[in-house]
Amino acid sequence: MKNHNTEVTTDIQKSLSTFLANKQYSKIAILVDENTEEHCLPKLIDCLPDHYLITIRSGEENKNLSTCEDIWMALTEAGFDRKGLMINLGGGVIGDMGGFVASTYKRGFEFLNIPTTLLSQVDASVGGKLGIDFHGFKNHIGIFNEPQNVLIYTGFYQTLPQEEIRSGFGEVIKHGLIYDAAYWEQVKTINPYDQDWTDIVAHSIAIKKKVVTDDPFESGLRKILNYGHTIGHAIESYFLEIPGQRLLHGEAIALGMICEAFLSHKFTGLSSQALEEITNYLIHVYNPVKIDPQLFEVILGLTLQDKKNEGGVVQFSLLKEIGTCAINIPIGIPDMIDSMFYLNEKIG
Ligand SMILES: NC(=O)c1ccc[n+]([C@@H]2O[C@H](COP(=O)([O-])OP(=O)(O)OC[C@H]3O[C@@H](n4cnc5c(N)ncnc54)[C@H](O)[C@@H]3O)[C@@H](O)[C@H]2O)c1
Ligand SMILES: [Zn+2]
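Because the structure is predicted, anything quoted here is derived from the model rather than measured.

Asks: Looking at this model, I keep getting lost on empty space enclosed by the protein. Mind explaining?
Replies: With a probe scaled to a water molecule rolled over the atoms, the places where space remains empty come into view. Inspection of every chain in the model, using the stated rule, returns 1 cavity of 30 Å³ or more. Put simply, the largest cavity is a space of about 120 Å³. Surrounding the largest cavity, 18 residues form its lining, Gly 95, Asp 96, Asn 113, Ala 124 and Ser 125 being those nearest its centre. Listed by contribution, the elements that provide at least two residues to the lining of the largest cavity are strand S4 (85–90), helix H4 (92–104), strand S5 (110–115), helix H5 (118–124) and strand S6 (129–134). Its residues assigned to classes, the lining of the largest cavity comprises 5 nonpolar, 10 polar and 3 charged.

Asks: Looking at this model, I keep getting lost on the site of ligand 1. Mind explaining?
Replies: Taken together, 26 residues lie around ligand 1, and Asp 33, Glu 60, Thr 116, Thr 117 and Thr 159 are the ones closest in. The backbone of Val 93 places a nitrogen or oxygen atom 3.1 Å from an oxygen atom of ligand 1. Computed on the free molecule, ligand 1 has an accessible area of 860 Å², of which 88% lies beneath the protein chains in the complex. Looking at the shell around ligand 1, the elements that each hand over two or more residues are helix H2 (34–39), H4, H5 and strand S7 (137–144). Per element, the largest residue contribution to the shell around ligand 1 is 4 residues, and it comes from H5. Broken down by class, the residue content of the shell around ligand 1 amounts to 6 nonpolar, 11 polar and 9 charged.

What counts as what
- Residues numbered from 1 in each chain as written.
- Chains lettered and ligands numbered in written order.
- Predicted model: local features only at pLDDT ≥ 70, side-chain atom pairs only at ≥ 80, totals over all residues.
- Heavy atoms only, no water.
- 1 Å grid on protein atoms, 1.4 Å probe; cavity = no way out; pocket = protein on both sides within 12 Å on 5 of 7 lines; lining within 4 Å.
- Points joined across faces, edges and corners; volume = space filled by probe spheres on them.
- Helix = DSSP H or I, 4+ residues; strand = E, 2+ residues; numbered from the N terminus.
- Nonpolar A, V, L, I, M, F, W, Y, C, P; charged D, E, K, R; others polar.
- Near = heavy atom within 4 Å.
- Polar contact = N/O pair within 3.5 Å; in protein donor to acceptor, adjacent residues only side chain to side chain.
- Areas by Shrake-Rupley, 256 points an atom, 1.4 Å probe, with all protein chains shown as cover.

The following block contains the structure:
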């Protein structure tokens, strides 16, 4: 896999200028949604060369083929050739879809990612997964490809809603739990709503990069990144359809991490003390509400749909201790149900 640079910067204008300085692009497109156009583009505007601005509607519901068509059409009408550059300025939706569009337009041209949410900086910016949702199936159509470069600037968070911060913070917490016990100790001391994020984000990116580089196509180690995501995704998918009860990704993953800590205690040796510590912390940060036990089976049935399953058995990534994660642990529905009862009991 091509190796690109990720630059964590405190001066985004300078970093962008430096990136563009020695390049000869035929044309430059900037992809934004209405929020990043309003809040993030002004932070770059003084250093932008001539460009075509392509604005799409924000939200996961627009991460689909029809929006891709609009973007491909805008590129076509502007006369983009393979020597162009696309700058993806936005959260994970912009990054995943913009990268996919750039990688497929005329068999691909270069793109630069400037992620603007905590989630997209610590997670989506690393690993080369690009794509879109398709008829309700998340990330169903896509490819692996790397951007030319990724510029990380935490100053974008100034305008990010608090729940988006909380959502991205879930991945930061996960990085400590699966890979780095000392980092977990540090993360626990953070106030996510008043934080200089630069060092934290750089550390999380380094962890994800290490994991992904050692296993680019998800055959082994990379699966540790799925911790909290098997049950978390099922919870996220279920509540996606329920008006007013929608959970952000990181909020659902936090619940998944509690359930999967319970399973880790039962199956992979996580101590009861560590289980308590993880559970109490996540409940403190996310302040979740109980899930109606009548929904457990329906929700957990969704784990069978996970792209990562092999042979109809749900495989979990579970903690052996804080900072160490085991992969490919098969778990049946009854144990998953127990873990959700545990979650409710702890929510109290
Ligand atoms: N490729 C990967 O490895 C990977 C990893 C994790 C998530 N993802 C994908 O990322 C997406 C979620 O990413 P996300 O949480 O960034 O969602 P998002 O792109 O929808 O952004 C969240 C919201 O914040 C707004 N926004 C973005 N930056 C802002 C800023 N600085 N100030 C104010 N508002 C801002 C956006 O307009 C949007 O409304 C999902 O589609 C998910 O599948 C991909
Ligand atoms: Zn995630």
